Structures are given as C-alpha cells and as structure tokens.
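Commentary on secondary and tertiary structure
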Amino acid sequence: MPVHLYSAVSLDAAVAGPKHELDWLADPSTIAEDLGYNRLLATVEVIVMGRNTWEFCASLETWPYPDHECILVSSTHPEGRRFDEVPWEKEVWVVGGARLIGAAMDAGHVTRMTLTVHPVVLGQGAIPFTTTKARTSWRLVAEIGKYRSGTAFRTCSIMVDLPDPDGPTIRYKCPTIF
C-alpha cells in the first residue's frame, strides 16, 4: 500500500517555522481547489503524526481527522507509539513533523509525495529532507493545481512517485511557480 507524504513546504523545504509556526501558509479560504487534499483523505486509512503536529491538531476547536485512525509517534508523549508500531502495510498519510517524515523516508515507507510549494523562504525551521540519510530519485506525476491570493501570491501543488523501473520516467514537466 502507498504511504503518502502530503505537505505544504516553503521554497527552502521547511514544513514549519523555527517555533513550529504555520502562519506563513495561505489562508485556506483563498484556495479555489483542494489541491488533492480531499482525494487523499478519501483514500488513506491511517494518519500518522509526530508530537508537535499532534499537539497543534489537539489545540484546534475540533479534531481535524475524526473519521480516521490517527497515530501519534512519540517517545515523550504518554499517548505516543513507537515508529515500528505504525501499520505501514495500510494506506498511510505521514502528516509531519520533520523528524517523522525523515524517518519514514529513510525506512523506505514513503512512496508518494504531494508538496504544495509556497513562495516564501523561512530561513530556518523544520526541514524534513535534511534528516534523510539516502538519496532517492522521484518521478514527477502531475500538477494538481495552483491558487492565487491577491494578485501576486501563487502556490503550486505537485505530485511525485518513486519511479517504477518499467514505467515512464516523466509524465509532467515541473510547473513555473511564479
């Protein structure tokens, strides 16, 4: 089963600011398309997240994933489970944070990534790809959508898969973000 990484990232690949802030993300009400989010939620069985992401979700007025099994991977939170206890054989969405994403990639679990690239450089923060130990090559599959907030801010969502040695190497050329 595929394990998905669906995440917003800055141009310098951060998934959150240095204090785990997400204020750099666009207001969701300005997004005309769902950028693959609803399709992802309809297909995944399990949502996996680290402590900071779990605590952010728990601080919201309502839990954002009431219809899914959600697993907290943490050695410091009382409700946390170990990384090797995640049912990776199911259809899984790795939400974040950065260390969990890096560990899932290093273990070879992540087979599909959908990255919504925002035109902002955070300079520092939670950057998952700096923790990965091995180089992996990915195949661009699709541009899912773009949106604009005001007249100057555009964001693009792209989907990439691990390459199938028997399949095509590129089905889509990378879009221009700005």
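Data block above holds the structure.
The structure displayed is predicted, hence computed values, not measured ones.

**Considering the overall build of the chain**
Secondary structure assignment for the chain yields three helices and seven strands. Taking all 178 residues of the chain together, the buried fraction comes to 40%. Pairs at least 24 apart in sequence give 70% of the contacts found in the chain among residues at least 6 apart. Carbon and sulfur atoms make up 53% of the accessible area of the chain, which amounts to about 9900 Å² in all.

**Some details on the packing of aromatic side chains**
Using the criterion set out here, one finds four aromatic pairs in the structure. Aromatic side chains Tyr65 and Trp93 sit 5.5 Å apart centroid to centroid with 85 degrees between the ring planes, which places their arrangement in the edge-to-face category. Residue Tyr65 is located in the loop between α2 (51-59) and β3 (69-73), and its partner Trp93 is located in strand β4 (residues 92-96); the two are separated by 28 residues in the primary sequence. Seen from their ring centres, Phe83 and Trp88 are 5.2 Å apart, and the 50 degrees between their planes marks the pair as tilted. Here the aromatic residues Tyr6, Tyr65 and Trp93 are joined through ring pairs into a cluster of three or more.

**Digging into the environment of Val46**
For Val46, the location among the structural elements is in strand β2 (residues 46-50). Given the relative accessible area of 0%, Val46 is considered buried. For the pair formed by Val46 and Val86, sequence separation is 40 residues and the distance between their alpha carbons is 8.9 Å. Beyond its immediate chain neighbours, meaning those up to four positions away, Val46 contacts Glu69, Ile71, Pro87, Lys90, Glu91, Val92 and Trp93.

**Some words on the pattern of salt bridges**
Tallying each qualifying case throughout the model produces four salt bridges. A salt bridge links Arg82 to Asp84; the nearest nitrogen and oxygen atoms lie 3.1 Å apart. Classification of Arg82 as exposed rests on a relative accessible area of 52%. Where Glu85 meets Arg82, a salt bridge forms, and the shortest distance between an N and an O atom there is 3.6 Å.

**A few points about unusual backbone geometry**
A cis amide bond links Gly96 with the next residue in sequence, Gly97, at an omega value of 10 degrees. For Gly97, the position within the fold is in the loop between β4 and α3 (98-106). Not every positive phi belongs to a glycine, and Ala13 is a case in point at roughly 70 degrees. Residue position: Ala13 is located in the loop between β1 (3-10) and α1 (37-43). If you check the backbone angles, His20 has positive phi at about 65 degrees while not being a glycine. Its location among the elements puts His20 in the loop between β1 and α1.

**Some thoughts on the environment of Leu72**
Considering the arrangement of structural elements, one finds Leu72 in strand β3. With relative accessibility at 2%, the residue Leu72 sits in the buried group. Leu72 sits 17 residues away from Glu55 along the chain, and the two C-alpha atoms are 9.6 Å apart. Once residues lying within four places of it in the same chain are set aside, the contact partners of Leu72 are Met49, Gly50, Arg51, Trp54, His77, Glu79, Gly80 and Arg81.

Criteria and thresholds
Residues numbered from 1 in each chain as written. Predicted model: local features only at pLDDT ≥ 70, side-chain atom pairs only at ≥ 80, totals over all residues. Heavy atoms only, no water. Helix = DSSP H or I, 4+ residues; strand = E, 2+ residues; numbered from the N terminus. Buried < 20%, exposed > 50% of the residue type's maximum accessible area, 1.4 Å probe, protein only. Contact = heavy atoms within 4.5 Å. Areas by Shrake-Rupley, 256 points an atom, 1.4 Å probe, with all protein chains shown as cover. Phe/Tyr/Trp six-rings, centres within 6.5 Å; stacked < 30°, edge-to-face > 60°. Salt bridge = Lys/Arg side-chain N within 4 Å of Asp/Glu carboxyl O.

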